[in-house]
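Next come the chains, spelled out residue by residue.
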Amino acid sequence: MEEQLIDIKNAALSLILDAKDKAELEEIKLQFLGRNGTFTLILKDLPKIPKEKRPAVGQLANSVKITISDAIDRQNLKLKTEKPKQQKDVLDVTMPGHKPPLGHHHLITQAISEITAIFEKIGFTRVKYPEVEWDWYAFEGLNFPKDHPARDDWETFFIKQKPDPKKGPVILTPHTSSGQIREMERVKTPPIRMLNIAKCYRRQSDVSHSPMFHQFEGLVVDKNISITHLKGTLDYFVKSYFGANRKSRIRPYHFQFTEPSFEVDVSCGICLGRGCKLCKAGWLEMGGAGMVHPNVLKFGGINSKEYSGFAFGWGVERVLMMKEGIEIDDLRLLYSNNLDFLEQF
Ligand code: PHE
């Protein structure tokens, strides 16, 4: 009986290895292990075997059964994962290739490139200054009084570090204006035409504010610079970025580091300044600007009798959203790394 069992095993294995599909394997299984299968039938003779031999034969029968059903499973898996022979061997060079998934720049990076290109055309130089900054460059050197609300930890992030005796505490820069004095120190003698685009940080988080955001700051210092240069630059930017049919307007405002100071508006892209549901009065607020305060020039080592300048600083996220008319319910979506959102742009 042992010999018969071994023969059954060998016969089954060679059939299994030659099987071409699942149906054929099913057939083999039935042929050997099925109710009337060769293996099943031979087991019926087990009681005829002398008692003392039975355990050994039983064990052999068991292992034969396991070997056969394992071999069927393995062949099944092999057939499933293996490509049909033909497809593997033939290389059709006219078939289109597999395209790897291709990403693109983040919406904000795209906006930054566009803004940079616009200002480079009229001679601005892009610079980058520290995000982790001394109080001096962000506040004190910009003419902020000691008790200005922006300087306490309600609006500004402070770094846990001993303050510098001259430059004060270490903070995360809350605006790109911190680049103004750094640029004056770098260039030393005007002309200056700086474009500083950087991350800024403030303690704020709601649908239209995120704790980290981007600003772009322009600074021009030269002889005889006046408000007309500022207005011309604003107009140029607004027409280049938003479109030739848009206008800019300046309103009196207050900043510590500019005098006079302005708030800059852009005519609404929907009603073009006539007034509509979206803008209410025809204009959308873009950000701050002004003529550089003589104290700031002085702190930057520039003679304010000889030179004058203008500066402006606006939010990248803000101008982007004003341009696209993309109805983002929550600005923080920009930084959520949600591909369903980002892949649309
Ligand atoms: N730094 C100002 C802000 O963050 C904007 C500004 C820049 C105003 C330059 C005037 C001149 O709101």
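Not measured: the values here are computed from a predicted model.

1. A few points about the overall build of the protein
When its secondary structure is counted, the protein shows 12 helices and 9 strands. Overall size of the protein, expressed as C-alpha extent along the three principal axes, is 120 × 50 × 40 Å. Residue burial in the protein is summarised as follows: out of 345 residues, 40% are buried. Looking at the protein alone, contacts between residues at least 24 apart form 67% of all its contacts between residues at least 6 apart. Carbon together with sulfur atoms contributes 55% to the accessible area of the protein, which is approximately 20,500 Å² in total.

2. Let's talk about the domain arrangement of the protein
When its domains are assigned, the protein resolves into domain 1 (2-81) and domain 2 (107-342). Computed over C-alpha atoms, the centres of domain 1 and domain 2 are 81 Å apart.

3. A look at the site of the ligand
Around the ligand, the structure places 13 residues, and the nearest of them are His 175, Ser 177, Arg 202, Gln 215 and Gly 313. Here His 175 contributes a side-chain N or O atom positioned 3.0 Å from a nitrogen atom of the ligand. The contact in question runs from an oxygen atom of the ligand to an N or O atom on the side chain of Arg 202, over 2.9 Å. In isolation the ligand has 330 Å² of accessible area, and contact with the protein removes 90% of it. Where the shell around the ligand is concerned, the elements lending two or more residues are strand S5 (212-222), strand S8 (283-292) and strand S9 (308-315). No other element matches S9, which puts 3 residues into the shell around the ligand. Considering only residue class, the shell around the ligand consists of 5 nonpolar, 6 polar and 2 charged.

4. Overview of the packing of aromatic side chains
By convention here, two paired aromatic rings are described through the distance between centres and the angle between planes. Counting across every chain of the model gives 19 aromatic pairs. Centroid distance Phe 237 to Phe 242: 6.3 Å. Interplanar angle 85 degrees. Geometry classified as edge-to-face. Taken as a pair, Phe 237 and Phe 242 share a single burial class, namely buried. On the numbers, 5.7 Å between centres and 35 degrees between planes, the contact of Phe 237 with Trp 314 is tilted. Of this pair, Phe 237 sits in helix H9 (residues 227-241) while Trp 314 sits in strand S9, and the two are 77 residues apart along the sequence. Note on accessibility: Phe 237 and Trp 314 belong to one class, buried.

5. Considering the packing of helix H1 (residues 2-18) against helix H2 (residues 22-33)
Helix packing geometry: the angle between the two helix axes and the distance between the axes. Look at H1 against H2: their axes get within 9 Å of each other, and the N-to-C directions meet at 170 degrees. Considered as vectors, H1 and H2 are oriented roughly antiparallel to each other. Here Ile 8, Ala 11, Ala 12, Leu 15, Ile 16 and Asp 18 of H1 lie close against H2, whose contacting residues are Glu 24, Leu 25, Ile 28, Gln 31 and Phe 32. By residue class, the composition of the contact of H1 with H2 is 8 nonpolar, 1 polar and 2 charged.

6. A few points about the pattern of salt bridges
Under the criterion given, the structure shown has 12 salt bridges. Its salt-bridge partner being Lys 323, residue Glu 114 comes within 2.6 Å of it at the nearest N-O pair. A residue pair is termed long-range when its members are at least 10 positions apart, and Glu 114 in helix H6 (residues 107-120) and Lys 323 in helix H11 (residues 316-324) qualify at 209 residues. For Glu 114, a relative accessible area of 32% corresponds to the partly exposed category. What makes Lys 323 partly exposed here is its relative accessible area of 27%.

What counts, and at which threshold
- Residues numbered from 1 in each chain as written.
- Predicted model: local features only at pLDDT ≥ 70, side-chain atom pairs only at ≥ 80, totals over all residues.
- Heavy atoms only, no water.
- Helix = DSSP H or I, 4+ residues; strand = E, 2+ residues; numbered from the N terminus.
- Buried < 20%, exposed > 50% of the residue type's maximum accessible area, 1.4 Å probe, protein only.
- Contact = heavy atoms within 4.5 Å.
- Areas by Shrake-Rupley, 256 points an atom, 1.4 Å probe, with all protein chains shown as cover.
- Domains from an automatic or database assignment.
- Near = heavy atom within 4 Å.
- Polar contact = N/O pair within 3.5 Å; in protein donor to acceptor, adjacent residues only side chain to side chain.
- Nonpolar A, V, L, I, M, F, W, Y, C, P; charged D, E, K, R; others polar.
- Phe/Tyr/Trp six-rings, centres within 6.5 Å; stacked < 30°, edge-to-face > 60°.
- Axes fitted to C-alpha atoms, helices over the stretch in contact; angles between N-to-C directions.
- Parallel < 35°, antiparallel > 145°, perpendicular 65-115°, else oblique.
- Salt bridge = Lys/Arg side-chain N within 4 Å of Asp/Glu carboxyl O.

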